[in-house]
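Residues per chain are reported as follows:
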2 protein chains.
Amino acid sequence: MATQTAAERRAEAKRKYNAYVAECPTRQLLDAISDKWVSLIFTALADGPLRYGELSRTIAGVTQKMLTQTLRRLQRDGLLTRTVTADVPVQVEYRLTALGASLLPVMRALQDWAESHMDEVLVARRGHRTGGSAEHVVDVAA
Amino acid sequence: MATQTAAERRAEAKRKYNAYVAECPTRQLLDAISDKWVSLIFTALADGPLRYGELSRTIAGVTQKMLTQTLRRLQRDGLLTRTVTADVPVQVEYRLTALGASLLPVMRALQDWAESHMDEVLVARRGHRTGGSAEHVVDVAA
DNA sequence: CGGTATCCTTGCCGATACTG
DNA sequence: CAGTATCGGCAAGGATACCG
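My aim in this report is to walk through the structure given alongside it, one point at a time. Remember, predicted model here, so these are calculated numbers, not experimental data. (Residues numbered from 1 in each chain as written. Chains lettered and ligands numbered in written order. Predicted model: local features only at pLDDT ≥ 70, side-chain atom pairs only at ≥ 80, totals over all residues. Heavy atoms only, no water.)

1. Structural notes on the protein's contact with DNA strand D
Working step 1: Close to DNA strand D lie 16 residues, the nearest being A:Arg51, A:Arg82, A:Tyr94, B:Lys65 and B:Met66.
Working step 2: Among all atoms of DNA strand D positioned within 4 Å of the protein, those belonging to sugar or phosphate total 64%.
Working step 3: A:Arg51 places a polar side-chain atom, nitrogen or oxygen, 3.0 Å from a phosphate oxygen of DNA strand D.
Working step 4: Where the surface near DNA strand D is concerned, the elements lending two or more residues are helix H4 (52-58), helix H5 (64-76) and strand S3 (91-96) of chain A together with helix H5 (64-76) of chain B.
Working step 5: With 4 residues, H5(A) is the single largest residue contributor to the surface near DNA strand D.
Working step 6: Here the residues of the surface near DNA strand D sort into 6 nonpolar, 5 polar and 5 charged. (Near = heavy atom within 4 Å. Polar contact = N/O pair within 3.5 Å; in protein donor to acceptor, adjacent residues only side chain to side chain. Helix = DSSP H or I, 4+ residues; strand = E, 2+ residues; numbered from the N terminus. Nonpolar A, V, L, I, M, F, W, Y, C, P; charged D, E, K, R; others polar.)

Given below as structure tokens:
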């Protein structure tokens, strides 16, 4: 039984976990990584580990609370590691794990999409006000 | 002006942050598509258009309010179309636009990742309680 | 069938103060 | 430097009732 490849195990996991079922823990995981700070943290750590202060400065606008909270959750889920060097002053380094690195391309794709299609979305929003092109009414009445 | 109170510094930081956000609306878009219902709606519509009731039944656990709200936002952003057939009973069909279809692979990748790596995350969570392997303390003291 | 409108609770999140 | 602890506002989101 131990002769199962990683791909096979993932395939089986997919059958077991169906996100369309409300009780499925995948929902929670999907919700956990569908967070606006998560993708920013991931791309910030893409090129190597960073210290807490560096992360805080890189991701403009995040509060101490939200940054710490999000980092703790990602650490708990095994997506990144937190390394403390017992020195004065204390240094804390955050680094993506292998599992976290496997999610990185997806996070990057999400950000890339947002950046490269921003124009089209803005156009759609303007068009929506003036009389939506995305609105259709089909009269089927005889 | 070195004599700046903490409140003044905070106020300036906030103005700068707001300006930054104004220049970079990508943050808002990223937040809009980083929603747990969005990815589920996208994969549900992957194989073709669906009616409101079909969507509601496919995505277990979503309330009428959240489904409608999310669909409206996606429609406004030009990611899907809403077609009403003026018949009795009324039929409303939701369909991904070309723009929406371009985001579909990313949404699918996100869900695939969540489903296929759920086991590893659960293991990480268990390990986190008993004594985290994702926790490191490096003693640098001489 | 496919919504809208309303009330109301939960918890997200920011701000502030304090610690090793 | 890198947090923890606490308070409070306010908006997201659920439940319910009603409409075209």
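2. Overview of the side chain of A:Ser34
Working step 1: Looking at the secondary structure, you find A:Ser34 in the loop between helix H2 (25-33) and helix H3 (36-44).
Working step 2: Looking at A:Ser34, its side chain comes within polar contact range of the main-chain oxygen of A:Leu30, at 2.7 Å.
Working step 3: Beyond its immediate chain neighbours, meaning those up to four positions away, A:Ser34 contacts B:Ser34, B:Asp35, B:Lys36 and B:Leu110. (Contact = heavy atoms within 4.5 Å.)

3. Observations concerning the pattern of salt bridges
Working step 1: The final tally for this structure, using the stated rule, is 6 salt bridges over all chains.
Working step 2: In this structure, A:Arg125 and B:Asp77 form a salt bridge, with 2.6 Å as the shortest nitrogen-oxygen distance. Remark: B:Asp77 occurs in the loop between H5 and strand S2 (80-85) and A:Arg125 occurs in helix H7 (residues 118-131); the pair is interchain, linking two chains. Pair check on accessibility: A:Arg125 and B:Asp77 agree, each one buried.
Working step 3: A salt bridge links B:Arg76 to B:Asp77, with the nearest nitrogen and oxygen atoms 3.2 Å apart.
Working step 4: Note on B:Asp77: relative accessible area 2%, which makes it buried.
Working step 5: Several salt bridges converge on common partners, so that one network encompasses A:Arg76, A:Asp77 and B:Arg125. (Salt bridge = Lys/Arg side-chain N within 4 Å of Asp/Glu carboxyl O. Buried < 20%, exposed > 50% of the residue type's maximum accessible area, 1.4 Å probe, protein only.)

4. Focus on the pairing of S2(B)
Residue and element names in this part refer to chain B.
Working step 1: Counted residue by residue, S2 has 6 buried out of 6 residues, so it is predominantly covered.
Working step 2: What you see with S2 is no split at all: Leu-80, Arg-82 and Val-84 on one side and Thr-81, Thr-83 and Thr-85 on the other are buried throughout.
Working step 3: For S2 and strand S3 (residues 91-96), the ladder comprises 6 bridges, and the chain directions are antiparallel. Directly across from Thr-81, in S3, lies its bridge partner Arg-95.
Working step 4: Count of turn residues in the S2/S3 antiparallel hairpin: 5 residues. (Pairing = 2+ DSSP bridges.)

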